[in-house]
Amino acid sequence: MKKIRFLMLIFLLGIVSVSWAQTTVTGMVTDDQNAPLPGASVIEKGTTNGTTTDFDGNFTIEVADSNAVLEVSYLGYTTMDIPLAGQSNITIQLSEDATQLDDVVVVGYGVQRKSDITGAIGSVKSENFNKGVVANPGQLVQGKIAGVNVTNVSGEPGAAQNIIIRGVGSLRAGTTPLFVVDGFILDNSSIGVAPGANPLNFLNPQDIESMDVLKDASATAIYGARAANGVIVITTKKGKAGKTEMNLNVSTAVSTIANPMDVFSANEFRNQVPAVGGTLADGGANTDWQDELTRTGISKNVNFSMSGGVVDKSSYFVSAGVDDQEGTLNNSSLTRYSGRINLNQKALQGRFNVDFNLTASRTVNERPDANAIIVDMLQLNPTFPVFTNGEPTFFDERLNPVVRNQIYTDEANSNRILANISPSFEIIKGLVYKLNLGVDYASTTRDVQQTPYTLLEGFEEGTLDTRATINTNTLIENTLTYTFSQGKHNLTVLAAHSYQETKFEQKRFRLEGFANNGIEPRFQDQISAETFPTTLDSEAFINELQSYFGRVNYAYDDKYLLTATMRADGSSRFGANNKYGYFPSFALGWNISKEDFLADNAVFSNLKLRASWGQTGNQEGIDPKVSLASFVDSRTENDTYPINGTEVSLDDYPFGTVPVRTAFPDLKWEVSTQTNIGLDFGLFGNRITGTLDYFNKVVTDVVLFANRIDPIQPTEKIWTNIPDLEIQNTGFELSLDYRGNFTEDFTFNVGGNISYTDNKVVDSQFEVLTSGAAQGAGQTGATINGYINDEPIGTFFMKEFIGIGADGLNQFRDVNGDGESLDNDRIPVGTALPDVIYAFYFNFNYKNWDLGLNFNGVSGNKIYNHTAMTIFSNSQLSRNLNTTDFAVQFPNEDLSNSNEVSTRYLEDGSFLRLNNATLGYTLDPAILGLSDWVSNFRFTLTGQNLFVITDYSGFDPEINTGTDIDDIQTFGIDRFTYPSPRTLLLGLNVTF
């Protein structure tokens, strides 16, 4: 018994001696505005003993003695060493480190330091966005990120863009990446504005803080069946606690057509028409129709925001904006009214946190009959006057375009609300549950009308086409995130469930026959009549997606990194036998620069090696319900037969049931398997930084609405996954940036990016899957380009034009040597997709002045000039229709020669563009005696599309206005494209 007491005494004395040997230190970590920094790292220097601050920035740590040194660090702030010097309670204030702030990257369902990233992610902050008149967020990052090709489809305000991340990997699904706004996943379905309208037009670009582009499978796999085209994560601006600010931005811009086409002037036209054998119809005028039918578009923007918050309690960001953009064609505009509220509130000593994001917008999109206007601009007789006796000149059998602008209206009004609320609660230290509830609701009414015009046959009655569209997208997500950090080990585990439902409803009315009473058809009463019956169409569908996913991020000693992701998606679009798809990814990272053998080197300030493999899916190519059978009632042709024997005409027959779509229960998503190896580097104290990536992306199970091989089937085509066919994209990406200074007051940075992509269709069972076809008399349906085995997507497949023969007719190369020019002489002659895209920039800062120049370009692609094929010919010229000198390049060409699809109309699409240039001056408010009220005055002058170097003869080489075939996306066809504008903008920013 005495022995036991003795041992217990020794044990207690040991505990006491240990406790005497340690010191308890408490404290708080804040920023330079005295706002607490939750999650800051506090480590006893030289040991593995450490902790992190709580939501209030508080910490407690046991250190070996009262003279220990604490190493305190936080993402975006300068790391500090704090000697305790006997103190047991301290407050530590960290300062922002601008070089580290740029390293914050938003990934799927979280935020990471760039040094911890194992995937390929490109990021652009708001201060580096493209400036000027910007309708949608895609324009902000054009040319900014390696491997991301942003192409303007046309110059129309609010027009869509092709955003291609690491090459095209689908037939039907297009190129559009997945967009995530403040954690809410958008649906890319049309909201009924107009074909070719951009789905992001509702967002105010001035509300956006950053855009992060997730490129490889390691970064995108967390989004599963929708991530094969890449993911763009958009983060809007938030308020900073303890920092109250008001900001006013106003700007005015003028836009003109950038590169008018060189059609014949009136005097040239008078000489050319007789020269080709035509009889001149001389109207006596000298009219430049391109000048008459375009205008100087005036765009105005006003944006006001307020932000701030209370330390430890809340923060807010509120904005309201009006953006009014005029196009360079009459009746062409986009007006957006937008408002945003972003709130954050904390409770329960910081353990309960609520984020609320709301954006509401109304957009009014007015569109002209652009195709007809472009034809008129280029083709109308330049000797005809626009007006005669003050009225639009009457043209026989053709509508004066001035009249067309008066009688034609295409206006879409769209109201949209995107809102999500995200409460989170820290259950125990490091374990956080988060609920994300959101809704995206859009309601659009589009009216396309033509008022009666009794002077010309075919326009007397007037028409109205009205469409009412409602889109509803709801999202419910539950996530659990556990963060563990001790010593050299850092672990983050995410587990989540998501359910998303998208609903689309559209009703369409078409009416004809209106009174010519000066009232627009959309405001008239109209009753369906036997002569002009009202037609009604409607469409509706619901898509559902249920997902389970998880991710593990592990870092050892900030040197060795691991990311593993798995997602399972169950979609209503998939066939009955493939309801769930599974998408794994793995990635490793090695921060080489943190190894001891590089500790004292003077060259590498950062060096990290990354490698990843993973799979993502693409369900966007699968239309709703197409895996299910569908039938219609019919009694046409052989769809029914007489039953009673008393039938005397087809009208007496009963209706028969006819299949229009057969079931395919095995229909599944497209699978993209991607491998990536990357190197991030910084040299000489990060004066030079860069990233080099190699990627290999292979898409299988490609979805197509294809002809059946077996002819004995109830339907000609079926939705299916094409066996064996692969779409391969292999390439390299390089980004570089150099920061330096000439003097203390004169700093600069220059840099750029370049990417090479080798795109190829492999093991296709089709000779050609047509993606672009000709339109117009005698040409409709003729293949221009498509998907061909062992060739890039968008390969042009046509005859090779070799000149005009002695008979004045086309001559084509006889490829197979049979002495004839037939379809079997068509060959691949280039692709619409560039294999090289590049951009570079120069930024200079001298005292209060700054200048930024941004260039971008592409190489290796072709453009099919459908406009030239359709209207630039000597036969058109002989009929008193204007052309360019393209029509007379062969003096012996016969007027009967056909405009057959061939390389005659195929041109080089390479270009280099000065995309954006901004000159800015920041005025010290003290000079005006306003320093007590205003903290910043900034003036900017911005030019967009200032020049382009190209051999292409059309309005602009950055186009894509072909017509899809069976929803197979087309590329590189220029058919009466709305011309691109050149814009000058003057802006003022005032901060209070």
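Residues numbered from 1 in each chain as written. Predicted model: local features only at pLDDT ≥ 70, side-chain atom pairs only at ≥ 80, totals over all residues. Heavy atoms only, no water.

Draft legend 1. Molecular detail of the sheet that holds strand β1 (residues 23–30). A sheet is described by the order of its strands in space; here three strands give the open sequence β4-β1-β7, paired in mixed fashion. Each edge of the open sheet carries a strand with a single partner, namely β4 (58–63) and β7 (89–93). Pairwise comparison of adjacent strand axes, ignoring direction, gives a mean angle of 30° for this sheet. (Pairing = 2+ DSSP bridges. Helix = DSSP H or I, 4+ residues; strand = E, 2+ residues; numbered from the N terminus. Axes fitted to C-alpha atoms, helices over the stretch in contact; angles between N-to-C directions.)

Draft legend 2. Structural view of helix α4 (residues 266–275). Those residues of α4 that sit buried are Ala266, Phe269, Arg270 and Val273. Projected down its long axis, α4 carries its buried residues within an arc of 105°, all on one side. Summarising the geometry of α4, the exposed residues directed more than 90 degrees from the buried face are Asn271 and Ala275. Contacts from the buried residues of α4 go to α9 (874–878). Two residues or fewer past α4, glycine 277 is found with a positive phi of approximately 100°. (Buried < 20%, exposed > 50% of the residue type's maximum accessible area, 1.4 Å probe, protein only. Arc of directions from axis to C-beta. Contact = heavy atoms within 4.5 Å.)

Draft legend 3. Inspection of helix α6 (residues 370–379) at higher detail. Counting buried positions along α6 gives nine out of ten residues, so the element sits mostly inside the fold. Among the structural elements, β17 (245–257), α5 (289–292), α7 (401–407), α8 (866–871) and α9 are those in contact with the buried residues of α6.

Draft legend 4. Quick peek at the pattern of salt bridges. Under the counting rule described, the total for this entry stands at 39 salt bridges. In this structure, the salt-bridge partner of glutamate 156 is arginine 367, at a minimum N-O distance of 2.8 Å. Of this pair, glutamate 156 sits in the loop between β11 (148–152) and β12 (161–165) while arginine 367 sits in strand β21 (residues 352–367); the two residues are 211 residues apart in sequence, bridging distant segments of the chain. Arginine 367 matches glutamate 156 in its accessibility class, with the two residues each being buried. Linking arginine 610 and aspartate 693 is a salt bridge whose minimum nitrogen-to-oxygen distance equals 3.1 Å. Placement of the pair is arginine 610 in strand β31 (residues 604–618) and aspartate 693 in strand β35 (residues 688–700), with a sequence separation of 83 residues. Looking at arginine 610, the relative accessible area reads 2%, which means it is buried. When salt bridges with common partners are traced through the structure, they connect Arg113, Asp116, Asp558 and Lys594 into a single cluster. (Salt bridge = Lys/Arg side-chain N within 4 Å of Asp/Glu carboxyl O.)

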